[in-house]
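A structural walkthrough
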Protein chains: 2
Amino acid sequence: MALDKPKVVKADEIEPKPVEGATGTRIRVLISSSDAPTFAMRLFEMDPGGHIELHSHPWEHEIFVLRGRVRVRIGDQTIEAGPRTAIYIPPNVPHEYWCISEEKAEFICVIPNKPSA
Amino acid sequence: MALDKPKVVKADEIEPKPVEGATGTRIRVLISSSDAPTFAMRLFEMDPGGHIELHSHPWEHEIFVLRGRVRVRIGDQTIEAGPRTAIYIPPNVPHEYWCISEEKAEFICVIPNKPSA
């Protein structure tokens, strides 16, 4: 833990890792829960047709779409979002993602270090 | 407060507001401390030559650069960062920003709802 130490990291120098419970989806952890006291910043990339299965957990997501287009089920609503759209998914609300663009989709996803609900 | 309600917002539909203690710098609050339980997501834009004065506070920043190029003083180090670079600035470390590109710089900046140090 080095919470008092600045960190500067280029996303493209981090090896993307496959995401469990998903197809065609990879994650890069930019700022981890060991780097920072309150929340972690991750970068997701989804291939065209990529899918993250419906799941739920007692913490929220704050998302910012960088490229491509995603369909996101959030509870009983389903939205579509492209670049420069921010999405807040509350704790304990089931959510599911699909990449619906012909190009790869990418989004930042920030989560708290501890459950918030 | 509607922490249990999803939010979907396009950045460009939010009116940017001037940032105090800065020149040529505007902020859009994408997800506020009233929207979400743990942290707020904001989008900053800086004109070429824009400057955010040296300041310090007992909470951290997690930043992701979207476009342009910034110079950031973080304590006793100064770094330069372009698109797809993430920056963690710890609580209580003085920091200062300059836009050093010929185009506008933009970055996401996430902060906790409560001081973390």
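What counts, and where the lines are drawn
- Residues numbered from 1 in each chain as written.
- Chains lettered and ligands numbered in written order.
- Predicted model: local features only at pLDDT ≥ 70, side-chain atom pairs only at ≥ 80, totals over all residues.
- Helix = DSSP H or I, 4+ residues; strand = E, 2+ residues; numbered from the N terminus.
- Rg over C-alpha atoms; globule rule 2.2 N^0.38 Å.
- Buried ≥ 20, exposed ≤ 12 C-beta atoms within 10 Å, placed from the backbone.
- Least-squares fit on C-alpha atoms with pLDDT ≥ 70 in both.
- Contact = placed C-beta atoms within 7 Å.
- Core = buried A, V, L, I, M, F, W, Y, C linked by C-beta atoms within 7 Å.
- Pairing = 2+ DSSP bridges.
- pLDDT = per-residue confidence, 0-100.

1. Some remarks on the overall build of chain A
For chain A, the count of helices and strands is 0 helices and 10 strands. Listed N to C, the secondary structure of chain A is β-β-β-β-β-β-β-β-β-β in terms of helices and strands. For 117 residues, the compact-globule formula gives about 13 Å, and the C-alpha radius of gyration of chain A, at 14 Å, lands near that figure. A principal-axis box enclosing the C-alpha atoms of chain A has dimensions of 40 × 35 × 25 Å. Out of the 117 residues belonging to chain A, those deemed buried represent 40%.

2. Looking at the relation of the copies chain A and chain B
Between chain A and chain B, which share one sequence, the superposing operator has a rotation angle of 180 degrees and an axial displacement of 0.0 Å; the RMSD is 0.0 Å. Accordingly, the operation relating the two chain copies is best matched by a two-fold axis. A share of 100% of the interface residues of chain A reappears at the interface of chain B, consistent with the copies meeting face to face through the same patch.

3. Examining the nonpolar core
One finds Val70 and Ile108 of chain A together with Val70 and Ile108 of chain B to be the most contacted residues of the largest nonpolar core, which totals 62 residues. In this structure, Val70 of chain A is in contact with Met46, Val65, Ala81, Tyr97, Trp98, Cys99, Ile100, Ala105 and Phe107 of chain A, ignoring residues within four places of it in sequence.

4. Notes on the interface of chain A and chain B
Taken together, the 38 residues of chain A in the interface contact 38 residues of chain B. Bridging between strand S8 (residues 85-89) of chain A and strand S1 (residues 7-10) of chain B involves 4 bridges; their strand directions are antiparallel. Across the sheet, residue Tyr88 of chain A finds its bridge partner in S1 of chain B, namely Lys7 of chain B.

5. Section: the pairing of strand S4 (residues 39-55) of chain A
On a regular strand, each side chain points to the face opposite its neighbour's, so the side chains alternate between the two faces of the sheet. Residues and elements named next belong to chain A. Looking at chain direction, strand S3 (residues 22-31) and S4 are connected through 8 bridges and run antiparallel. In the sheet register, Thr23 faces S4, and the bridge partner there is His51. As paired strands, S4 and strand S10 (residues 105-112) are joined by 8 bridges and run antiparallel to one another. Bridging across to S10, Glu45 finds its partner in Glu106.

6. Focus on unusual backbone geometry
Residues and elements named next belong to chain A. Its identity is not glycine, yet Arg84 carries a phi of approximately 70 degrees, on the positive side. Residue position: Arg84 is located in the loop between strand S7 (77-81) and S8. With a phi close to 65 degrees, Asn92 is a non-glycine residue in the positive phi region. Examined against the element boundaries, Asn92 turns out to sit in the loop between S8 and strand S9 (95-99).

7. Some thoughts on the confidence of the model for chain A
Summing up the model confidence of chain A, the mean pLDDT is 96 and the portion of residues at 70 or higher is 98%. Our summary of model confidence lists the complex with pTM equal to 0.97 and ipTM equal to 0.97.

8. Comments concerning the environment of Thr25 of chain B
Note that Thr25 of chain B resides in strand S3 (residues 22-31). Taking C-alpha positions, Thr25 of chain B is 13 Å from Glu103 of chain B, a pair spaced 78 residues apart along the chain.

9. A look at the environment of Tyr88 of chain A
Locating Tyr88 of chain A in the fold gives a position in strand S8. Note on Tyr88 of chain A: 24 C-beta atoms within 10 Å, which makes it buried. Those residues within four positions of Tyr88 of chain A in sequence are excluded, and the remaining contacts are Glu60 and Glu62 of chain A together with Pro6, Lys7, Ile31, Asp35 and Ala36 of chain B.

10. Structural notes on the environment of Gln77 of chain B
Residue and element names in this part refer to chain B. Turning to its location among the elements, Gln77 is positioned in strand S7 (residues 77-81). Residue class for Gln77 comes out exposed when judged on the 10 C-beta atoms lying within 10 Å of it. Between the C-alpha atom of Gln77 and that of Lys10, which follows or precedes it by 67 residues, the distance is 34 Å.

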